[in-house]
Amino acid sequence: MDKIKIGFVGVGFMGQLAHLSNYAVLDDCEVVAIAEPRRELAEKVARRYGVGKIYRDHRELLEKCDVDAIVAAQPYRRHFAIIPDILEAGKPVLTEKPLALTVEAGERLVKLAEEKGILHMLGYHKRSDLAVEYAKKLVDEWKASGELGRMRFVRITMPPGDWVGGGASGLIRTDEPQPVGELEPMPEYFDKEAAEAYDAFVNYYIHQVNMMRFMLGEHYEVSFADRSGVLLAVESVSGVCGTIEMAPYVTSVDWQEEIFVGFERGYIKVELPAPLASQQAGRVTVMRDTGKDVPITIQPSLPKVSAMRQQARNFLAAVRGDRLAPCDSKEALEDLKIARRYIELHMSR
């Protein structure tokens, strides 16, 4: 197959560092166009990455440039105004998480993608981390074989820290003002305090909400939310419990995100690098204690490839039809429902 022609909608901070810098080095795609209202920024970015065409917005790009897929690195409250045009044009699209601000806007995006039969992949890049991919494969194998007993518990911890992890070097900046676009309104069914809490939650912790489902391998419901906003407890449809620990402490110069999956006779632990750390995968620790042999603990060596680079590969593979996207808009909608329920419980306390 010929190289996939990619159009970029937005080349600001995340557009450059998380996405464009990774697609630009892959052999099976070509970034052919940029849509960016900051003209000077667009020109400088295009020169660095050898992109031939520049447009003022996504509509002009879609009208004038032939692309196979779109990477729209936009704030999530802009999705409701931009993504429908891309789906209507029949272009597979990757957006950052979450799907939208509200469940209602998310439902409209899911419906449109399904009606058009177009891929809308969500940038839950942690699913593409090689350590997470390794751990998920092992979780599924243990569940299928029963060798280590039943899955008992999933714990995800993400204290605030240095999420850039030194990965901002080389960012192109200009003095042009930040674009002001139409933002999705806050949900009317929440008062101001609850709406702001909801917005903050989907911004910072929707990755963990999504990862919980990924590791459980099934749907779950929120069962508890503490008053301080530190703990979210869940129970899956088969009865496995889990917790998401939000800000139990803060790190100023480090990133200490961890996923722990416990079985009756073993566990799998993933320690993730900062989201923008340059070409680093997470670290996996596996402990097995069958009671028949000497317990073993291993840490497999994984290639030094960032989750963002692997996510780009996964998106291209999904566009080609080689495999399913790690997370599409239909599943991502469930994350917003979990977030809404969490805030309802949290604010009621």
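The coordinates are above.
The shown structure was predicted, so the numbers you read here are calculated from the model rather than taken from an experiment.

Draft legend 1. Seen up close, the pairing of strand β1 (residues 4-9). Across the six residues of β1, five count as buried, placing the element largely inside the fold. In this structure, β1 lies alongside strand β2 (residues 29-35), joined through six bridges in parallel fashion. Note that in β2 the partner of V9 across the bridge is A35. Assessed by its sense of winding, the connection that carries the chain from β1 through helix α1 (residues 13-23) to β2 is right-handed. Taken together, the four bridges between β1 and strand β4 (residues 69-72) define a ladder with parallel strand orientation. Counterpart to F8 in the pairing with β4 is V71.

Draft legend 2. Up close: the environment of A24. Within the element layout of this structure, A24 appears in the loop between α1 and β2. Judged by its relative accessible area of 35%, A24 is partly exposed. Between the alpha carbons of A24 and A325 there is a distance of 20 Å; along the sequence they are 301 residues apart.

Draft legend 3. Summary view of the sheet that holds strand β14 (residues 296-298). One open sheet holds the eight strands; their spatial order is β8-β9-β10-β7-β11-β12-β13-β14, and the pairing between them is mixed. Strands with a single pairing partner mark the edges of an open sheet, and in this sheet they are β8 (220-225) and β14. Averaged over all adjacent pairs, the angle separating strand axes in this sheet is 15°, with direction ignored. Inspection of the sheet shows strand β12 (residues 266-272) paired to strand β13 (residues 283-288) by six bridges, in the antiparallel sense. Looking across to β13, one finds that E271 is bridged to R283. Where helix α6 (residues 130-145) meets the sheet, its contacts fall on β7 (151-158), β11 (257-263), β12, β13 and β14, and the angle it forms with β12 comes to roughly 165°.

Draft legend 4. Fine view of the sheet that holds strand β6 (residues 120-123). If you walk across this open sheet you meet the six strands as β3-β2-β1-β4-β5-β6, and the pairing is parallel. Edge strands, defined here as strands with exactly one partner in the open sheet, are β3 (53-55) and β6. Averaged over all pairs of adjacent strands, the angle between their axes in this sheet comes to 25°, without regard to strand direction. Note that β4 and strand β5 (residues 93-96) share three bridges and pair parallel. Within the sheet, the bridge partner assigned to A72 lies in β5 and is T95. Packed onto the sheet, α1 meets β1, β2, β4 and β5 and runs at close to 145° relative to β5. Against the sheet, helix α4 (residues 79-88) contacts β4, β5 and β6, and its axis sits at roughly 170° relative to β5.

Scoring rules and cut-offs
Residues numbered from 1 in each chain as written. Predicted model: local features only at pLDDT ≥ 70, side-chain atom pairs only at ≥ 80, totals over all residues. Heavy atoms only, no water. Buried < 20%, exposed > 50% of the residue type's maximum accessible area, 1.4 Å probe, protein only. Helix = DSSP H or I, 4+ residues; strand = E, 2+ residues; numbered from the N terminus. Pairing = 2+ DSSP bridges. Right-handed = clockwise from strand over helix to strand, strands pointing away. Axes fitted to C-alpha atoms, helices over the stretch in contact; angles between N-to-C directions. Contact = heavy atoms within 4.5 Å.

By themselves, these are just geometric observations and shouldn't be taken as functional.
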